[in-house]
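Structural features, examined
Take a look at the letters that make up each chain.
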Amino acid sequence: IESDMDQLREFYRKTPEVTLMGQVAELKGQLADSERRIESLKAEKAEIHLAKEQFRSNVHRLARALRRERDKLASKKANNDCERQQLHLTYDPDDKSFVMGGNQYEIQRIL
């Protein structure tokens, strides 16, 4: 009986249906691997996209900070120029007189 059972198993293993079932199982394994790789690539793509958006945000934030600093410097320079142009009166001890300085056009207008 055991030899008959072995022969039956051997015959069954050689049938086209069993061969096809083996190929189906192998293809299902390959499909699962491919799906896993696809999901891994999707996750990697999402991480790259997030890093890109963070980099873009940082560049914009840096550009705004740079613009603010440039505006501050321009404002400070304008204030300094304005202060230099204001009239001022100083005493010259050698000549024992007062000297008016500042914007020449304003001095001419006053005199």
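Note that the structure is a prediction, hence the values are computed from the model and not measured.

Another aspect to go through is the overall build of the protein chain. Counting its regular elements, the protein chain contains three helices and two strands. Starting at the N terminus and walking to the C terminus, you meet the elements of the protein chain as α-α-β-β-α. Counting all 111 residues of the protein chain, 3% fall into the buried class. Of the roughly 10,700 Å² of accessible surface on the protein chain, 57% is carried by carbon and sulfur atoms.

Once that is clear, we can look at a positive patch on the surface. A surface patch of like charges, here positive, comprises Arg61, Arg64, Arg67, Arg68 and Arg70. Judged by relative accessible area, which is 42%, Arg64 ranks as partly exposed.

The next subject is a nonpolar patch on the surface. Taken together, Met5, Leu8 and Phe11 make up a surface patch of nonpolar side chains, about 330 Å² in accessible area. On the secondary structure map, Leu8 appears in helix H1 (residues 2-13).

What follows deals with the confidence of the model for the protein chain. Averaged over the protein chain, the pLDDT score is 85; the fraction of residues at 70 or greater is 78%. Per-element confidence in the protein chain is highest for helix H2 (residues 16-85), whose mean pLDDT is 92, and lowest for helix H3 (residues 104-110), whose mean pLDDT is 61.

Turning our eyes to something else, we now look at the pattern of salt bridges. In this structure the tally under the stated criterion is five salt bridges. A salt bridge links Arg9 to Asp6; the shortest N-O distance between them is 3.1 Å. A residue pair is termed a helical-turn pair when its members lie 3 or 4 positions apart in one helix, as Arg9 and Asp6 do in helix H1 at three residues. Looking at Arg9, the relative accessible area reads 42%, which means it is partly exposed. Here Lys42 ties to Glu39 by a salt bridge, and the two come within 3.9 Å at their closest N and O atoms. Of this pair, Lys42 and Glu39 both sit in helix H2, separated by three residues, roughly a single helical turn.

The rules behind each value
- Residues numbered from 1 in each chain as written.
- Predicted model: local features only at pLDDT ≥ 70, side-chain atom pairs only at ≥ 80, totals over all residues.
- Heavy atoms only, no water.
- Helix = DSSP H or I, 4+ residues; strand = E, 2+ residues; numbered from the N terminus.
- Buried < 20%, exposed > 50% of the residue type's maximum accessible area, 1.4 Å probe, protein only.
- Areas by Shrake-Rupley, 256 points an atom, 1.4 Å probe, with all protein chains shown as cover.
- Patch = residues over 30% accessible without salt bridge, like charges linked within 9 Å, V, L, I, M, F, W, Y side chains within 5 Å.
- Salt bridge = Lys/Arg side-chain N within 4 Å of Asp/Glu carboxyl O.
- Lys, Arg positive; Asp, Glu negative; His and termini not counted.
- Charge placed at Lys NZ, Arg CZ, Asp CG, Glu CD.
- pLDDT = per-residue confidence, 0-100.

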